[in-house]
Amino acid sequence: MERYADAPQILRDFLSYHESIKGQSKKTVSEYYLDLRMFLRFMKLMKNEMPYSTCLDDIPIQDVDDKFLSSITTSEIFDFLSYLANDRDNPESSGNGISASSRARKLSAIKSFYKYLTVSTKMLVNNPVKDMEFPKIRKSLPKYLTFEESTSLLKSVDGPNQARDFAILMLFLNCGIRRSELVGLNTTDVYEDRIRVVGKGNKERIVYMGSACRKAIERYMEVRSKVVLSDNKALFGSRDHNRISVSAVHRLVKKHLLEAGLDPEQFSAHKLRHTAATLMLANGVDLKTLQEVLGHENLNTTQIYTHIENTDKKIAAEANPISKLKID
């Protein structure tokens, strides 16, 4: 917890709880830290009646304790959300105020913090955000590649890492796994017709591969068996012989999109996951099975794909037309 040295002990305990007990990823815990640090700095600014123009980064919070947190009211939390909506600098635009989705994430962190304080540890009695509604977020349809565009993308793969890159794109397009899940794959996670995936919250699931995907993985495994990596358990390696990174996967996907004549600004590895989900759903996979394949905890998350036509988990991958591609 040295990386959270500027946080008060009560916040560090919360972060440790989510990392060690709840099994949250380091990235999620780090986002909790950043969001709650901003929240606590703003509360100190308000309660100590500092000038509103005071830079939040200059406000220390190491002395925040349960007494301070119990003094925060619902009205003051609304003030924080108003500050985020109207006054917080937005590096992504020329104006002030951050998006509704960003505000919702910060409110989610505050809700988790107060739930920990009132339910898990019972340090506090009252929860000022228990019934607070999230900012309304405009839901947009996910971007995805058509079957023809997906085929063009796969056919464009060439070069010294052809077997690796083709296998990676097939796993995205046929199995719909996340980028973080892909970089975490080990050689021992590959079985004859399936892979073992560790998803969000360290939850494991089995994802079946279609015929074409299996063939692509088999071809890559022949190449992989001749390579020694610093982490030799890793399924996919980089040119410097380390486990492939999230940023390296991002770059190779963008590279092949460009080579296929597709706009790399419009699509990404995550959009390939959207593509897999959309193609499965459009070709007969039911929503509940798709939820299991994608590793969504809540069915509502999966329902974003119902803008396309709407049954056994194993046949989901075969229902995706990507799996029917003829690979020489």
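In what follows, the structure referred to is the one given above.
Computed from a prediction, not measured in an experiment: that's the story for all the values here.

Student: Explain the overall build of the protein chain to me, please; I cannot follow it from the model alone.
Tutor: Helix and strand content of the protein chain: 14 helices and two strands. By residue count, 46% of the 328 residues in the protein chain fall in the buried class. For the protein chain, the computed accessible surface area is about 17400 Å², with 48% contributed by carbon and sulfur atoms. Charge-centre separation for the protein chain: the mean point of 49 positive side chains lies 3 Å from the mean point of 42 negative side chains.

Student: Quick question: what am I supposed to make of the nonpolar core here?
Tutor: Buried together is how nonpolar side chains tend to be arranged in soluble globular proteins. The biggest cluster of nonpolar side chains holds 52 residues, and the ones touching the most others in it are L171, I177 and F236. If you list the elements that add at least two residues to this core, you get α6 (147-155), α7 (162-175), α8 (179-183), β1 (194-198), α9 (211-224), α10 (246-259), α11 (269-282) and α12 (287-294). Here the element with the most residues in this core is α7; it accounts for 10 residues. I177 has contacts with L171, F172, L182, L185, I195, V197, R205, V207 and R273, leaving out every residue within four places of it along the chain. Within the second largest apolar cluster, 39 residues are counted, among which are L69, L117, V129 and M132.

Student: Is there a simple way to think about the pattern of salt bridges in this case?
Tutor: What the rule picks out here adds up to 15 salt bridges. When the shortest N-O distance is used, the salt bridge between D35 and R105 registers 2.8 Å. Of this pair, D35 sits in helix α2 (residues 26-47) while R105 sits in helix α5 (residues 100-120), and the two are 70 residues apart along the sequence. D35 gets classed as buried once you look at its relative accessible area, which sits at 3%. Note on R105: relative accessible area 38%, which makes it partly exposed. With a closest N to O distance of 3.3 Å, R41 and D57 form a salt bridge. Placement of R41 in helix α2 and of D57 in the loop between α2 and α3 (66-70) is noted, with a sequence separation of 16 residues between them.

Student: For this particular structure, what's the right way to read the pairing of strand β2 (residues 204-208)?
Tutor: Look at any regular strand and the pattern is simple: side chains alternate between the two faces of the sheet. Across five bridges, β1 lies against β2 in antiparallel orientation. Within the sheet, the bridge partner assigned to I195 lies in β2 and is V207. Once β1 ends, the chain turns through five residues before running back antiparallel as β2, passing G201 with a positive phi of about 70°.

Student: What exactly am I supposed to notice about the packing of helix α1 (residues 9-21) against α2 here?
Tutor: Any two packed helices are characterised by the angle at which their axes cross and by the distance between the axes. Two elements in contact, α1 and α2, have axes separated by 10 Å at closest approach and are oriented at 160°. Classified by the angle between their axes, α1 and α2 sit roughly antiparallel to one another. Along this stretch, α1 crosses α2, giving a crossing that reads as right-handed. Where α1 approaches α2, its residues L11, F14, L15, H18 and E19 are matched on the opposing element by K26, V29, Y32, Y33, L36, R37 and L40. For the contact of α1 with α2, the per-class residue count stands at eight nonpolar, one polar and three charged.

Student: What's the story with the packing of aromatic side chains in this structure? I'm lost.
Tutor: Any pair of aromatic rings gets described here by the distance separating the centres and the angle formed by the planes. All chains considered together, the criterion is met by 11 aromatic pairs. Ring geometry for F14 versus Y116: centroids 5.4 Å apart, planes at 65°, classification edge-to-face. Of this pair, F14 sits in helix α1 while Y116 sits in helix α5, and the two are 102 residues apart along the sequence. Using a relative accessible area of 0% as the deciding quantity, one classes F14 as buried. Ring-pair connections join several aromatic residues into one group, and the members of that group are F14, Y17, Y32, F113, Y114 and Y116. Across from the ring centre of F134, 5.4 Å away, lies the NZ or CZ of K111, which sits over that ring.

Student: Explain the environment of V129 here, please?
Tutor: With respect to the element layout, V129 can be found in the loop between α5 and α6. By relative accessible area, V129 is classed as buried at 0%. Separated by 166 residues in the primary sequence, V129 and G295 place their C-alpha atoms 29 Å from one another. Those residues within four positions of V129 in sequence are excluded, and the remaining contacts are I77, L107, I110, K111 and Y114.

Student: Can you walk me through α1 in this structure?
Tutor: Each α-helix winds once per 3.6 residues, and so residues spaced three or four apart point in a common direction. For α1, with 13 residues, the first-to-last C-alpha span of 17 Å sits near the 18 Å given by 1.5 Å per residue. If you check which residues of α1 are buried, you get I10, L11, F14, L15 and H18. Buried residues of α1 fall within an arc of 140° about the axis and therefore sit on the same side. Across from the buried face of α1, at angles greater than 90 degrees, the exposed residues are S20 and I21. As for α1, its buried residues are in contact with α2, α3 and α5. Just downstream of α1 lies G23, where phi reads positive at about 70°.

Student: Sorry, what's going on with α7 here?
Tutor: With 14 residues, α7 should reach 20 Å at 1.5 Å per residue; the first-to-last C-alpha distance of 19 Å fits that figure. Most of α7 is tucked away: 13 of the 14 residues are buried. Looking at the residues trailing α7, positive phi occurs at G176, about 70°.

Reading the values: the criteria
- Residues numbered from 1 in each chain as written.
- Predicted model: local features only at pLDDT ≥ 70, side-chain atom pairs only at ≥ 80, totals over all residues.
- Heavy atoms only, no water.
- Helix = DSSP H or I, 4+ residues; strand = E, 2+ residues; numbered from the N terminus.
- Buried < 20%, exposed > 50% of the residue type's maximum accessible area, 1.4 Å probe, protein only.
- Areas by Shrake-Rupley, 256 points an atom, 1.4 Å probe, with all protein chains shown as cover.
- Lys, Arg positive; Asp, Glu negative; His and termini not counted.
- Charge placed at Lys NZ, Arg CZ, Asp CG, Glu CD.
- Core = buried A, V, L, I, M, F, W, Y, C linked by side-chain atoms within 4.5 Å.
- Contact = heavy atoms within 4.5 Å.
- Salt bridge = Lys/Arg side-chain N within 4 Å of Asp/Glu carboxyl O.
- Pairing = 2+ DSSP bridges.
- Axes fitted to C-alpha atoms, helices over the stretch in contact; angles between N-to-C directions.
- Parallel < 35°, antiparallel > 145°, perpendicular 65-115°, else oblique.
- Left-handed = near helix turned anticlockwise from the far one by under 90°.
- Nonpolar A, V, L, I, M, F, W, Y, C, P; charged D, E, K, R; others polar.
- Phe/Tyr/Trp six-rings, centres within 6.5 Å; stacked < 30°, edge-to-face > 60°.
- Lys NZ or Arg CZ within 6 Å of the ring centre and 35° of its normal.
- Expected span 1.5 Å × (residues − 1).
- Arc of directions from axis to C-beta.

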